[in-house]
Amino acid sequence: MKTFYTKHRKTLAITLMMLPGAIWLLLLRYLPMGGAVIAFQNYRPYPNNPTFLNNILNSDFVGFNNFRFIFASDRAWIMIRNTLAYNAVFIVLTTVLAIAIAIGLSELRRKFFAKLYQTLMFYPFFISWVVAGYFVFAFLDPTFGLLSHVRNWYFDPTGWPVILTSANLWKNLGFNAVIYLAAITSIDHGLYEAAAIDGASKWKQVWSITIPSIKPMIIILFILAVGRIFNADIGLFWNIPQNMGPLQSVTEVMDTYVLRIMNANIPGATGMATAAGLFQQVVGFVCIMFANGIVRRLDRESSLF
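Below or above, wherever it landed, is the structure these notes cover.

Scoring rules and cut-offs
- Sequence order as written defines the numbering, with residues in each chain counted from 1.
- Thresholds applied to this predicted model are a pLDDT of at least 70 for local features of residues and 80 or more for the giving and counting of side-chain atom pairs; totals over whole chains, interfaces and linings are not thresholded and use all residues.
- Water and hydrogen atoms were dropped before computing side-chain values, which therefore reflect all heavy atoms in the structure.
- Between Lys or Arg on one side and Asp or Glu on the other, a salt bridge is scored when a side-chain nitrogen of the former is within 4 Å of a carboxyl oxygen of the latter.
- Only DSSP runs of H or I covering at least 4 residues are called helices, and only runs of E covering at least 2 are called strands; the numbering of each starts at the N terminus.
- Relative accessibility decides the category of a residue: with a 1.4 Å probe and only protein chains considered, values under 20% of the type maximum give buried, values over 50% give exposed, and everything between is partly exposed.
- Patches in this entry comprise residues that are over 30% relatively accessible and not in a salt bridge; like charges within 9 Å are linked, as are nonpolar side chains (Val, Leu, Ile, Met, Phe, Trp, Tyr) within 5 Å.
- In these tables, accessible area is a Shrake-Rupley quantity obtained with a 1.4 Å probe, and a residue counts as shielded only by the protein chains included in the view.
- Geometry is summarised by axes, namely lines fitted to C-alpha atoms with helices restricted to the contacting stretch, and by angles between N-to-C directions that run from 0 to 180 degrees.
- Handedness of a crossing is defined here by the sense of rotation of the near helix relative to the far one, left-handed for an anticlockwise turn of less than a right angle and right-handed for a clockwise turn.
- Throughout, a residue-residue contact means that at least one pair of heavy atoms, one from each residue, lies within 4.5 Å.
- Buried Ala, Val, Leu, Ile, Met, Phe, Trp, Tyr and Cys residues form a nonpolar core when they are joined through side-chain atoms within 4.5 Å.
- To pair, rings of Phe, Tyr and Trp, with the six-membered ring standing in for Trp, must have centres within 6.5 Å; the planes then decide the type, stacked if under 30 degrees apart, edge-to-face if over 60, and tilted in the middle.
- Note on geometry: a ring has a charge over it if NZ (lysine) or CZ (arginine) is within 6 Å of the ring centre and within 35 degrees of the ring normal.
- Put simply, angles under 35 degrees are roughly parallel, angles over 145 are roughly antiparallel, angles from 65 to 115 are roughly perpendicular, and the rest are oblique.

1. Digging into the pattern of salt bridges
- Under the definition given, this model contains 2 salt bridges.
- Here Lys 202 and Glu 107 are joined by a salt bridge, their closest N and O atoms 3.3 Å apart. Of the two residues, Lys 202 sits in helix H10 (residues 202–226) while Glu 107 sits in the loop between helix H5 (76–106) and helix H6 (111–122), which places them 95 residues apart along the sequence.
- Classification of Lys 202 by relative accessible area gives partly exposed; the value is 46%.
- Between Arg 260 and Glu 252 there is a salt bridge, with the nearest N and O atoms lying 3.0 Å from each other.
- By relative accessible area, Glu 252 is classed as buried at 1%.

Written out as structure tokens, the structure reads:
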């Protein structure tokens, strides 16, 4: 009769391999969700014993008052408009250009150049927005910048939507292209050979074989991106424009707005910031469910669940 270990040896090995990641997920992702209660409180330090738990237990419940600051501000429309508009542009451009670059790399016959281009495009993904912000400042500084003779960039918001979009593409395009390239390399090359024998051009092969084969990957990444449409990369929108006041009409997004609230030491700022984060996550969840529902109706096999 087999022992329990012998019978479940493979399962136990896989479980042990998964355990560190599961513990990390539990401690850093699920356990902190309990702190979402701060979004409904006037969170303040408890004088006698100011631990996090005591602060929560002794803070007054204020309902949805903390959510009002998101919409009550005179800059609420600007903040929401910029957050949604930038993310919509980022999703479309990143998806289209990353697929185009991945297809181009897959067609290169010299693998040395393909790997070289991959490395050069992937490298910006590891560069901090703080460092990137200083690079941009070196070009656009009103006094000593290389492009300061064109205009005073930090007092003219006209060109900043293009600058921020270009910076986002520069940093993230290579990462997304590598993901799509990995999906393309898994396609059976016999399909291309058969298409070439039938007289299909490269363009026809791309539209008839490559795009349909990587469609599930495109849809999954698109759904996940839609789930973050109400979140903004605070490093991009805070460090690249150097937090210049005249640019806030085109650089203010929800995350920078919350950061300004926290830096201003407004009473109840912790509860407001938590409310904003909870609001973003709830909207993101609804967007994912909505996008996945549409995909599920059109193509059940390509949906997340």
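There's more to say after this.
2. Some words on a nonpolar patch on the surface
- A cluster of nonpolar side chains, contributed by Leu 16, Leu 19, Ile 23, Trp 24, Leu 25, Leu 26, Leu 27, Leu 28, Tyr 30, Leu 31 and Met 33, occupies part of the molecular surface with about 1100 Å² of accessible area.
- By relative accessible area, Met 33 is classed as exposed at 53%.

3. Focus on the packing of helix H9 (residues 189–197) against H10
- Here H9 crosses H10 at 150°, and the two axes come no closer than 11 Å. Read as a crossing pair, H9 and H10 show a hand that is right-handed. In contact with Leu 191, Tyr 192, Ala 195 and Ala 196 of H9, H10 contributes Gln 205, Ile 209 and Thr 210.

4. Observations concerning the nonpolar core
- Among the nonpolar cores identified, the biggest contains 20 residues, and Ile 99, Tyr 180, Ile 184, Ile 187 and Ile 214 are the most heavily contacted of them.
- The greatest single-element share of this core, amounting to 7 residues, is contributed by helix H8 (residues 160–185).
- In this structure Ile 184 touches Ala 102, Ile 103, Ser 106, Thr 210 and Ile 214, once residues within four positions along its chain are discounted.
- Grouped together as the second largest cluster of nonpolar side chains are 19 residues, Phe 90, Val 136, Ala 167 and Ala 232 included.

5. A few points about the packing of aromatic side chains
- Scanning the entire structure with this criterion turns up 17 aromatic pairs.
- For the ring pair Phe 113 and Tyr 117, a centre distance of 6.4 Å and an interplane angle of 35° mean the geometry is tilted. Separated by 4 residues within a single helix, Phe 113 and Tyr 117 lie in helix H6, roughly one turn from each other.
- Note that Lys 171 overlies the ring of Trp 129, its terminal NZ or CZ placed 5.3 Å from the centroid.

6. Here's the deal with the environment of Leu 105
- With respect to the helices and strands, the residue Leu 105 is situated in helix H5.
- Taking the C-alpha atoms as reference points, Leu 105 and Thr 251, 146 residues apart in sequence, are found 34 Å from one another.
- Among residues more than four places away in sequence, those in contact with Leu 105 are Ala 114, Tyr 117, Gln 118, Met 121 and Leu 181.

7. With respect to the side chain of Thr 256
- Secondary-structure assignment places Thr 256 in helix H13 (residues 254–263).
- Look past the residues within four positions of Thr 256 in its chain and what remains in contact with it is Ile 234, Phe 237, Trp 238 and Thr 251.

8. Quick notes on the packing of H10 against helix H14 (residues 269–298)
- At a closest axis distance of 8 Å, the pairing of H10 and H14 adopts a crossing angle of 150°. With respect to H14, the axis of H10 lies roughly antiparallel. Here H10 runs over H14; the crossing is right-handed. Within the contact between the two elements, H10 uses Ile 219, Ile 223 and Val 226 and H14 uses Cys 287, Ile 288, Ala 291, Asn 292 and Val 295.

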